[in-house]
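Per-entry structural report
Residues per chain are reported as follows:
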Amino acid sequence: RARVGRPAHRHGAGVGPAGIAMLNLLIVTGRAGGPAERRAAGPRQVLGLRLAGGPGEGKPTLWIDVTVWGDRAPAWRDLEGAGKGDRVTVQGRLGLREGTTQSGEARSSLTLDCDRAIVERRQEATPEPRPSRRDELPPSDDPDADIPF
């Protein structure tokens, strides 16, 4: 008979009901809610980004607080230049932060401890060149049509 034990904890691994190994890994794509912000957490550097996603079309927006620790250099480099509205895809471990507001109301927020990230920079829309009024007029057979007086 096989003995089911706790597997060694690997990145994002855990043990679920009946000793079944579970993997807490999530891949999410959304829009950056603002620029990525660097801060210190003790001796370590942390990069934070709020990611907005959800079904859209009038439904509530789902916000995820994405965190990259300084020892995850590839994800750090990718997210560091992210700005508001950029399309961001992140991969990491999902978490839930719970707390209470100053007024005593219970709150919770989703967190993602990021390992990998891809950022697609938002393209600024360039207006299409508008045709001049002259270009809008149909060609004329009158040889004097080009004369403005």
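These numbers were taken from a predicted model, which means no experiment stands behind them.

1. A short note on the overall build of the chain
If you tally the helices and strands in the chain, you get two helices and eight strands. Going residue by residue from the N terminus, the α and β elements of the chain occur as β-β-β-β-β-β-α-β-β-α. Across the 149 residues in the chain, those meeting the buried criterion constitute 26%. Expressed as a percentage of contacts within the chain between residues at least 6 apart in sequence, the contacts between residues at least 24 apart total 52%. Of the roughly 11600 Å² of accessible surface on the chain, 52% is carried by carbon and sulfur atoms.

2. Considering the nonpolar core
Counting 19 residues, the largest nonpolar core has Leu49, Val66, Val68, Leu79, Val88, Val90 and Cys114 as the members making the most contacts within it. Contributing elements (two or more residues each) for this core: β3 (26-32), β5 (44-53), β6 (62-69), α1 (73-80), β7 (87-100) and β8 (106-120). It is β8 that provides the largest number of residues to this core, a total of four residues. Excluding residues that lie within four positions of it along the chain, Val90 makes contacts with Leu26, Ile27, Val28, Leu51, Val66, Leu79, Leu112, Cys114, Arg116 and Ala117.

3. Thoughts on the pattern of salt bridges
Side-chain pairs of opposite charge can arise where the charged atoms are in close proximity. Throughout the structure, instances matching the rule amount to eight salt bridges. Across the pair Arg107 and Glu105 runs a salt bridge whose closest N-O atoms are separated by 3.4 Å. The exposure class of Glu105 is partly exposed, given its relative accessible area of 41%. Here the residues in one salt-bridge network are Arg50, Asp65 and Arg97, joined through shared partners.

4. A word on the confidence of the model for the chain
Per-residue confidence for the chain gives a mean pLDDT of 77, with 67% of residues at or over 70. Note on residues 1-12: pLDDT is under 50 here. Beyond four places in sequence and across chains, it has 13 contacts.

5. Looking at the environment of Gly81
Here Gly81 is to be found in the loop between α1 and β7. Judged by its relative accessible area of 46%, Gly81 falls in the partly exposed class. The contact partners of Gly81, leaving out residues within four places of it in the chain, are Asp86 and Arg121.

Conventions used here
Residues numbered from 1 in each chain as written. Predicted model: local features only at pLDDT ≥ 70, side-chain atom pairs only at ≥ 80, totals over all residues. Heavy atoms only, no water. Helix = DSSP H or I, 4+ residues; strand = E, 2+ residues; numbered from the N terminus. Buried < 20%, exposed > 50% of the residue type's maximum accessible area, 1.4 Å probe, protein only. Contact = heavy atoms within 4.5 Å. Areas by Shrake-Rupley, 256 points an atom, 1.4 Å probe, with all protein chains shown as cover. Core = buried A, V, L, I, M, F, W, Y, C linked by side-chain atoms within 4.5 Å. Salt bridge = Lys/Arg side-chain N within 4 Å of Asp/Glu carboxyl O. pLDDT = per-residue confidence, 0-100.

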